[in-house]
Amino acid sequence: MADPALSGPASPSSQKPDSAALYRTVRLIRRFEERAVELVHDGQIFGGIHPYTGQEAVAAGTCAALRPDDLITSTHRGHGHVLAKGADPARMMAEIAGRTTGLNAGRGGSMHAADFGIGILGANAIVGAAAPIATGAAWAARCAGSDRVVMTYFGDGAVSQGVVLETFNLAALWRAPVVFVCENNGFATTTRTDDAVAGSITGRAEAFGIPAARVDGMDPEAVFAAAGTAIARARRSEGPTLLECVTYRYDAHHTWEHAARPRYRTPEEVDLGRSRDPLEIQGARLPEARRAQIDAEIEAVLEEAVRFALDSPHPDPATALDYLYADGTQARAGVA
Amino acid sequence: MAESTSKTQQISLSKGLNLGLRRALEDDPKVLLMGEDIGKLGGVFRVTDGLQKDFGEARVMDTPLAESGIVGTAVGLALAGYRPVVEIQFDGFVFPAFDQIVTQVAKMRARALGKVSMPIVIRIPFGGGIGAVEHHSESPEAYFAMTAGLRVVAASNPVEAYWMIQQSIASDDPVVFFEPKRRYWDKAELDPTATPYPLYASRVVRQGTDATVVAYGPMVKTCLEAAKAAEEEGRSLEVIDLRTLSPLDLEPVFASVRKTGRLITVHEASVFMGMGAEIAAKVTEKCFYSLEAPVLRVGAPHTPYPPSRVEEEFLPDLDRVLDAVDRAFAF
Ligand SMILES: Cc1ncc(C[n+]2csc(CCOP(=O)(O)OP(=O)(O)O)c2C)c(N)n1
Ligand SMILES: [Mg+2]
């Protein structure tokens, strides 16, 4: 489990966790997702979402260990990463509700939110596709003489995609300053990790000489500590690390499940999975009153986020042909 | 014949596929199903529901999330005499497998001087209209149709789905089989004792005299509705379900255009470089003196698929078809 390379000195920013800040992020993501699911059910978010509920410790812990100028890529289950990296919750809510005030004017939606200004290179709906993108960005940082680090998230399903394994090889060869964060939430859609992954997730990285560790993905501070070590290693130009954060998806693979109700896990199993709640684990580290104060703050933030999103306009279909080409050429219209 | 297929019954399109797959599994022990979440779950659209339970995990295989690997292993299985049927979960996820499909599946037979066959079926739910997110609503059929060595077909209704999936599995050529996602829940009466229409043939699905409308997959229903609306306005549209995109069976289209003098092609995919372009070129060449108007094409703009809130603006619908008909008459 503990790789010697992972016990080196942490980066200055990651030495001591700010328990309240971590709790705040976990709480923000949890409530954001709950509000977003309500909006899906109300018909305000089209196409549904992949809720991040249950996995908040991973986004909160890893992003807290990053510097503001570090970069991330995210996944189809990406709201948590985007919020933890610092995106405005109101503009993120507007984005997934497809409004023009969203981070990407509603064009990215739930699975493709990006905020380049704060280092979010984009969520990505194609499983595995972001790993090489992050590694390219990491290599670019190195070439530019920067000590920036790139963190890339993917699920347990993604480690079976060839492109992820190709990326491990490239990243290890180049010693790219990238941190691979695999969120093992037990399932790829309805397929259990054990039914899809031969060997182990950490073993896949180790086969390329990439140090890897299994981390308690329900504990924000454990994630923070492991991320700090991996980030420090990347910053010292010592190459990539893989963190397998063992976590549990509380809600549906996608909100489509709320109606379709496929049976692939029992209610008892879900209860067990939910018994170690990152919100409670981190909440218990704060005085009651502080916790209540943060909760109230978050409620206000999300109230405003939902209001902002719902008050914002839908895109004008006439703009659909914009932005496609650098020279401003408009796309061809539909009927020839 | 199995009890499940012995009497006339009301079925949905996904059930038609399910019954067709079931029959293929019963009829030929070499038929195998592979894909993500297809076994225990029965597929996200329930097309393979119950098949793993009845045919076992060796014949209905849940695979890891690895499209290139899935299609690549299907090639090896096909070389060994199996008939793999691969499910791609959504249109936008076929691209990791595109390499295997284009460089291996399509070319293996010609490369081997015909000594081997690639009886692989690659099932792809395609098209929009279900309010889904990016990569879940696309129409990538033209990429495959332009690749020599592949057969490309699209079913338009439950009965066609039932027969065409079985015929595709029986075909010794690799078939990219497009399923009209938004029509999965449409119902029709299936008579499993009927004689199926040939797979690689287009079909007149409504007779008419004033203009011809050609479509495939999800747009066939839209065009039939447009024809009904046009009839109320005194215009008689002939509707042809193309069914097969490669090979393209255009003789029925030529015959129709010689009668009507006007042709409108309709698909959800981009007009630019879409199937309609090939059809228009061929019809112009073969029916030049019969045409009263240029062939008009209805389809999507040449942009990425939009957020689902505005997909109605993007997708062709009854009005866009009728507008094109009007324009064909205005020449
Ligand atoms: C290339 C590709 N194939 C299939 C899909 C459909 N799909 C979306 S999420 C998913 C499961 C992903 O599992 P995992 O990587 O474990 O992430 P999780 O959903 O558990 O967060 C699948 C199969 C996809 N998005 N991309
Ligand atoms: Mg997973």
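Rules of the game
Residues numbered from 1 in each chain as written. Chains lettered and ligands numbered in written order. Predicted model: local features only at pLDDT ≥ 70, side-chain atom pairs only at ≥ 80, totals over all residues. Heavy atoms only, no water. Donors = N, O, S within 2.8 Å, 3.2 Å for Na, K, Ca; no water. Buried < 20%, exposed > 50% of the residue type's maximum accessible area, 1.4 Å probe, protein only. pLDDT = per-residue confidence, 0-100. Core = buried A, V, L, I, M, F, W, Y, C linked by side-chain atoms within 4.5 Å. Domains from an automatic or database assignment. Contact = heavy atoms within 4.5 Å. Near = heavy atom within 4 Å. Polar contact = N/O pair within 3.5 Å; in protein donor to acceptor, adjacent residues only side chain to side chain. Areas by Shrake-Rupley, 256 points an atom, 1.4 Å probe, with all protein chains shown as cover. Nonpolar A, V, L, I, M, F, W, Y, C, P; charged D, E, K, R; others polar. Helix = DSSP H or I, 4+ residues; strand = E, 2+ residues; numbered from the N terminus. Expected span 1.5 Å × (residues − 1). Arc of directions from axis to C-beta. Buried area = accessible area lost by both parts, 1.4 Å probe. Salt bridge = Lys/Arg side-chain N within 4 Å of Asp/Glu carboxyl O. Axes fitted to C-alpha atoms, helices over the stretch in contact; angles between N-to-C directions. Parallel < 35°, antiparallel > 145°, perpendicular 65-115°, else oblique. Left-handed = near helix turned anticlockwise from the far one by under 90°. Phe/Tyr/Trp six-rings, centres within 6.5 Å; stacked < 30°, edge-to-face > 60°. Lys NZ or Arg CZ within 6 Å of the ring centre and 35° of its normal.

**What to know about the coordination of the magnesium ion (ligand 2)**
All names here are of chain A.
Working step 1: Surrounding the magnesium ion (ligand 2) are the protein donor atoms Asp156 (OD), Asn185 (OD1) and Phe187 (O), at 2.0 to 2.1 Å.
Working step 2: As a motif over one chain, the donors of the magnesium ion (ligand 2) read D-x28-N-x1-F. The burial state of Asn185 is the same as that of Phe187; both residues are buried.

**Some points on the confidence of the model for chain B**
Working step 1: Per-residue confidence for chain B averages 96 on the pLDDT scale, and 98% of its residues sit at or above 70.
Working step 2: Both scores are available for the predicted complex, with the pTM at 0.94 and the ipTM at 0.90.

**Focus on the nonpolar core**
Working step 1: Core analysis: the largest hydrophobic core is formed by 73 residues, its most contacted members being Leu33, Phe144, Phe177, Val253 and Val283 of chain B.
Working step 2: Shared between two domains, this core holds at least three residues of each, these being domain 1 (8-190) and domain 2 (203-330) of chain B.
Working step 3: Not counting residues within four places of it along the chain, the set of residues in contact with Val283 of chain B comprises Val253, Phe254, Val257, Leu263, Phe288, Leu291 and Val295 of chain B.
Working step 4: Leu28, Met93, Ile96 and Ile120 of chain A belong to the second largest nonpolar core, which has 58 residues in total.

**Side note on the site of ligand 1**
Working step 1: In the vicinity of ligand 1 there are 21 residues, among which His76, Arg77, Ala125 and Phe187 of chain A together with Glu67 of chain B approach most closely.
Working step 2: At the site occupied by ligand 1, nearby residues are drawn from chains A and B.
Working step 3: In the environment of ligand 1, a nitrogen atom lies 3.1 Å from a nitrogen or oxygen atom belonging to the backbone of Val127 of chain A.
Working step 4: Phe187 of chain A places a main-chain nitrogen or oxygen 2.8 Å from an oxygen atom of ligand 1.
Working step 5: When the free accessible area of ligand 1 is taken as 580 Å², the share hidden by the protein chains comes to 97%.
Working step 6: Along the lines of polarity and charge, the residues of the shell around ligand 1 split into nine nonpolar, eight polar and four charged.

**Quick word on helix H5 (residues 130-143) of chain A**
Given 3.6 residues to a turn, an α-helix orients residues that are three or four positions apart in the same direction.
All names here are of chain A.
Working step 1: With 14 residues, H5 extends 20 Å between its outermost C-alpha atoms, agreeing within 8% with the 20 Å of an ideal straight helix rising 1.5 Å per residue.
Working step 2: Burial in H5 covers these residues: Ala130, Ala131, Ala134, Thr135, Ala137, Ala138, Ala141 and Arg142. Around the axis of H5, the buried residues are gathered within 160 degrees of arc, so they sit on the same side.
Working step 3: Its buried side turned inward, H5 meets strand S1 (71-73), strand S2 (150-155), helix H6 (162-174), strand S3 (178-184) and helix H9 (220-235).
Working step 4: Trailing H5 by a residue or two, Gly145 shows a phi angle of about 80 degrees, which is positive.

**Comments concerning the interface of chain A and chain B**
Working step 1: Contacts between chain A and chain B engage 35 residues on the former and 35 residues on the latter.
Working step 2: The junction of chain A with chain B conceals about 2,900 Å² of combined surface from both sides, 62% of it contributed by carbon and sulfur atoms.
Working step 3: Put simply, chain A and chain B have one salt bridge between them.
Working step 4: Taken together, the links from chain A to chain B amount to seven residue pairs in polar contact (both at pLDDT 80 or more).
Working step 5: Where the side of chain A that touches chain B is concerned, the elements lending two or more residues are helix H7 (193-196) and helix H10 (256-260) of chain A.
Working step 6: Split by residue class, the side of chain A that touches chain B holds 20 nonpolar, twelve polar and three charged.

**Regarding helix H3 (residues 67-79) of chain B**
All names here are of chain B.
Working step 1: If you check H3, its first and last C-alpha atoms are 19 Å apart, about what 13 residues at 1.5 Å a residue would give, namely 18 Å.
Working step 2: Along H3, the residues that are buried comprise Glu67, Ile70, Val71, Ala74, Val75 and Ala78. Seen end-on, H3 carries its buried residues on one side only, within an arc spanning 145 degrees.
Working step 3: Gly81 lies just past H3 and shows a positive phi near 95 degrees.

**As for the packing of helix H1 (residues 13-27) of chain B against helix H7 (residues 158-170) of chain B**
All names here are of chain B.
Working step 1: Taken N-terminus to C-terminus, the directions of H1 and H7 make an angle of 30 degrees; their axes are 7 Å apart at the nearest point. Taken together, H1 and H7 sit at an angle that is classed as roughly parallel. The two elements H1 and H7 cross, and the hand of that crossing is right-handed. Taken together, the residues of H7 that come into contact with H1 (itself represented by Leu13, Gly16, Leu17, Leu19, Gly20, Leu21, Arg23 and Ala24) are Pro158, Ala161, Tyr162, Trp163, Ile165, Gln166 and Ile169.
Working step 2: Class assignment of the residues belonging to the contact of H1 with H7 gives a composition of eleven nonpolar, three polar and one charged.

**Section: the packing of aromatic side chains**
Residue and element names in this part refer to chain B.
Working step 1: Inspection of the entire model under this criterion finds 20 aromatic pairs over all chains.
Working step 2: Seen from their ring centres, Phe95 and Tyr143 are 5.7 Å apart, and the 90 degrees between their planes marks the pair as edge-to-face. Of this pair, Phe95 sits in the loop between strand S4 (83-87) and helix H4 (98-105) while Tyr143 sits in helix H6 (residues 141-145); the two residues are 48 residues apart in sequence, bridging distant segments of the chain.
Working step 3: Classification of Phe95 as partly exposed rests on a relative accessible area of 30%.
Working step 4: Where Tyr162 meets Trp163, the ring centres are 4.8 Å apart and the plane angle is 75 degrees; that geometry is what we call edge-to-face. Each member of the pair, Tyr162 as well as Trp163, is classed as buried.
Working step 5: An aromatic cluster is present here, built from Phe95, Phe98, Phe126, Tyr143, Phe144 and Phe178 joined pairwise through their rings.
Working step 6: Directly above the aromatic system of Tyr82 lies the positively charged group of Lys30, at a separation of 4.6 Å from the ring centroid.

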